[in-house]
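A structural walkthrough
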Amino acid sequence: MAQHSRHTLNRMRKVLVIGYVWPEPRSSAAGSRMLELLGVFRGQGWQVTFASAAALSTHRADLAELEIEEVAVSLNCDSFDTYVAALQPDLVLFDRFFTEEQFGWRVERAWPAALRVLDTSDLHCLRDARHALLKASQQACDSEAQRQQVGPVHACAQQLYAAMAGGDMAQREVASIYRCDLTLMISAFEMQLLQEQFGVPASLLHDCALMLIPPAPNDLPFADRQHFLSIGNFRHAPNWDAVLWLKHALWPLIRARLPHAQLHVYGAYPPPKATALHNPRQGFQVLGWVDDAHRVMGQARVCLAPLRFGAGIKGKLADAMACGTPSVTTAIGSEGMHGELPWPGRVTDDAQAFAEAAVQLHEDPAAWAQAQAHAAPLLRQRFDRPRLAGELLARLEQLLASREEHRQGNFVGAMLRHHQHKSTQYMSQWIAAKNARGG
């Protein structure tokens, strides 16, 4: 048995990753997450192919540098089936449930032996529900200024389930989780929500937090750092909403205490409505894309992440810890990240308390140093790359060895594949036939 296990672990596996988009590790936490997973697979010496139907992007990672083959695929096209059948992958990883909906039935039809794994990145239906709850609480406001004074969403697991269960997003995403052999979850809170509220079996889920690739050691002291920083891809709705709350509610409170304070707002793909908020006289500077997030994070004194809704684990806050930069965030911002360990900064949903914590960390070297000291233990306990990678690889190998038995125990998944994939399959085949006719 031991010899068999060693043989299995050392075998050259073929992995096909189907990306919703091409990975952009310098633009988003989702891009960093994908690059981490690719790095783990390549670290095993596995043959990895990354395929996507998305358009090539400006800031995408150089996968060739990792010896990962890139393949452009088409939606609703049987050429994908032919490709998968020829590749014969051991494992297919779907990047978010949208991709599993589009390609899952094709993978099953073309090469059913492949282990089908879903990476949620974060639970989209949770983020969607919280966004809806925030907008509902803002509807009673008479003006945009009042709407931007509304604080973060507060909802317990039962309230979240009530907001999610009847929605199209939750039904699609949870169905996708059932259809796959395993789903990688980034947040323990989301795993608990799926198991306790939606009844998803633990056997279908794997806790796989961010496997942080640490930056170069940053010993820049308090006195040599300056300014507040906020960072996040502007195409991600929670990030844009956080900028609005900063601009209209939080930053005026901070500037009232620190008239000369400066906030640098970074993020990929800033739209005109974001750059229009740039106001150096108010110390509110929307600077957009930065090629090295760790560099600017490591030079900042305090990171601000006032998220009013969202899901998953926040890459910006993990980066702040890794760079030794104390942060102020909300309960949603810190969710699933620190357990019982103290936060390296402050967590609060109250605007006034948020501003006071930001000012204290910016001005008090002792408070700043104490907050910074909490980061290293948290990173070691919650985001240890070798441990997380080892646990993931062991779980995948275990499922590869017991794939059929595992699938027999997931009747709901088999039922959903039978019914829902048929409708998806027929629609896709109709589109493919229509395209072949040129009409």
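To be clear, the structure that these remarks concern was listed above.
Read on for a plain summary of the structure. (Residues numbered from 1 in each chain as written. Predicted model: local features only at pLDDT ≥ 70, side-chain atom pairs only at ≥ 80, totals over all residues. Heavy atoms only, no water.)

This next bit is on the environment of Ile-231. Looking at where Ile-231 falls in the secondary structure, it is placed in strand E8 (residues 228-231). The exposure class assigned to Ile-231 is buried, which follows from its relative accessible area of 14%. Linking Ile-231 and Lys-316, residues 85 residues apart in sequence, is a C-alpha distance of 6.7 Å. When near neighbours in sequence (up to four residues on either side) are disregarded, Ile-231 contacts Tyr-266, Gly-267, Val-290, Ala-293, Met-297 and Lys-316. (Helix = DSSP H or I, 4+ residues; strand = E, 2+ residues; numbered from the N terminus. Buried < 20%, exposed > 50% of the residue type's maximum accessible area, 1.4 Å probe, protein only. Contact = heavy atoms within 4.5 Å.)

Right, let's talk about the pattern of salt bridges for a bit. With the rule as written, the count across this model stands at 24 salt bridges. Linking Asp-90 and Arg-13 is a salt bridge whose minimum nitrogen-to-oxygen distance equals 3.4 Å. Pair noted here: Asp-90 is in the loop between helix H3 (79-87) and strand E4 (91-95) and Arg-13 is in the loop between helix H1 (2-10) and strand E1 (14-19), with a separation of 77 residues, a long-range link. On the basis of relative accessible area, Arg-13 is assigned to the buried category, the value being 6%. One salt bridge connects Arg-387 with Glu-391, and the closest N-O pair in it is separated by 3.4 Å. (Salt bridge = Lys/Arg side-chain N within 4 Å of Asp/Glu carboxyl O.)

Glancing now at helix H15 (residues 351-363). In this model H15 runs 18 Å from its N-terminal to its C-terminal C-alpha over 13 residues, within 8% of the 18 Å that 1.5 Å per residue would give. Inspection of H15 places Ala-353, Phe-354, Ala-355, Ala-357, Ala-358, Val-359, Leu-361 and His-362 among the buried residues, and these make up the whole buried set. Residues of H15 that are buried make contact with E8, helix H10 (237-257), strand E11 (302-305), strand E12 (327-329), strand E13 (345-347) and helix H16 (365-373). Capping of H15 at its N-terminal end is provided by Asp-350; its side-chain oxygen lies 3.2 Å from the backbone amide nitrogen of Gln-352. (Expected span 1.5 Å × (residues − 1). Polar contact = N/O pair within 3.5 Å; in protein donor to acceptor, adjacent residues only side chain to side chain.)

The next thing to look at is the packing of helix H2 (residues 29-43) against helix H18 (residues 385-401). Contact geometry for H2 and H18: axes closest at 11 Å, N-to-C directions at 70°. As summarised for this structure, H2 and H18 are arranged roughly perpendicular, according to the angle between their axes. The element H2 and its partner H18 pack so that their crossing is right-handed. Packed against H2, whose contacting residues are Glu-36, Leu-37, Gly-39, Val-40 and Phe-41, the element H18 presents Arg-385, Ala-389, Leu-392, Leu-393 and Leu-396 at the interface. Classifying every residue of the contact of H2 with H18 by side-chain character gives seven nonpolar, one polar and two charged. (Axes fitted to C-alpha atoms, helices over the stretch in contact; angles between N-to-C directions. Parallel < 35°, antiparallel > 145°, perpendicular 65-115°, else oblique. Left-handed = near helix turned anticlockwise from the far one by under 90°. Nonpolar A, V, L, I, M, F, W, Y, C, P; charged D, E, K, R; others polar.)

Let us now look at the pairing of strand E2 (residues 47-52). In terms of residue burial, E2 counts as a mostly covered element, since five of its six residues are buried. One ladder, built from six bridges, connects E1 with E2; its direction is parallel. By the bridge assignment for E2, Val-15 is matched with Val-48. In the classification by handedness, the crossover that spans E1, the intervening H2 and the parallel E2 is right-handed. (Pairing = 2+ DSSP bridges. Right-handed = clockwise from strand over helix to strand, strands pointing away.)

What follows concerns the sheet that holds E2. Across the sheet, seven strands lie side by side as E3-E2-E1-E4-E5-E6-E7; this open sheet has parallel pairing. Both outer strands of the open sheet, strand E3 (69-72) and strand E7 (205-207), are each paired with one neighbouring strand and no more. Across the sheet, the mean angle separating the axes of adjacent strands is 25° when strand polarity is ignored. Alignment of strand E5 (residues 115-119) against strand E6 (residues 182-185), held across three bridges, turns out to be parallel. Note that in E6 the partner of Val-117 across the bridge is Leu-182.

Summarising the element assignment, Asp-349 is placed in the loop between E13 and H15. Buried and without a salt bridge, Asp-349 has Arg-130 as its closest oppositely charged side chain, separated by 9.3 Å. Among the polar contacts made by the side chain of Asp-349, one reaches the side chain of His-154 at a distance of 2.7 Å. Of the polar contacts made by the side chain of Asp-349, one reaches the backbone nitrogen of Ala-331; its length is 3.0 Å. (Lys, Arg positive; Asp, Glu negative; His and termini not counted.)

Here we come to the nonpolar core. Ranked by internal contacts, the top residues of the largest apolar core, which has 39 residues, are Leu-123, Met-164, Leu-194 and Val-200. Secondary structure elements with two or more residues in this core: E1, H3, E4, helix H4 (97-110), helix H5 (124-138), helix H7 (157-164), helix H8 (168-179) and helix H9 (188-197). In this view, Met-164 contacts Leu-123, Cys-125, Leu-126, Ala-129, Ala-170, Leu-193 and Phe-198; residues no more than four positions away in its chain are not counted. Core analysis: the second largest hydrophobic core is formed by 29 residues, Trp-240, Val-265, Phe-284 and Ala-355 among them. (Core = buried A, V, L, I, M, F, W, Y, C linked by side-chain atoms within 4.5 Å.)

For the structure shown, the criterion picks out ten aromatic pairs. Measuring from centroid to centroid gives 4.3 Å for Phe-97 and Phe-98, while their planes differ by 35°, and the two rings are tilted. Accessibility expressed as a relative area gives 1% for Phe-97, which makes it buried. Taking the centre distance of 4.9 Å and the plane angle of 75° together, the rings of Tyr-161 and Phe-198 count as edge-to-face. With a gap of 37 residues between them, Tyr-161 in helix H7 and Phe-198 in the loop between H9 and E7 connect regions that are remote in the sequence. You can call Tyr-161 partly exposed: its relative accessible area is 31%. Taken together, the ring pairs in this structure connect Tyr-20, Phe-97 and Phe-98 into an aromatic cluster. The lysine or arginine in question, Arg-235, covers the ring of Tyr-269, its NZ or CZ lying 3.5 Å from the ring centre. Directly above the ring of Phe-222 sits Arg-301, whose terminal nitrogen or CZ lies 4.0 Å from the centroid. (Phe/Tyr/Trp six-rings, centres within 6.5 Å; stacked < 30°, edge-to-face > 60°. Lys NZ or Arg CZ within 6 Å of the ring centre and 35° of its normal.)

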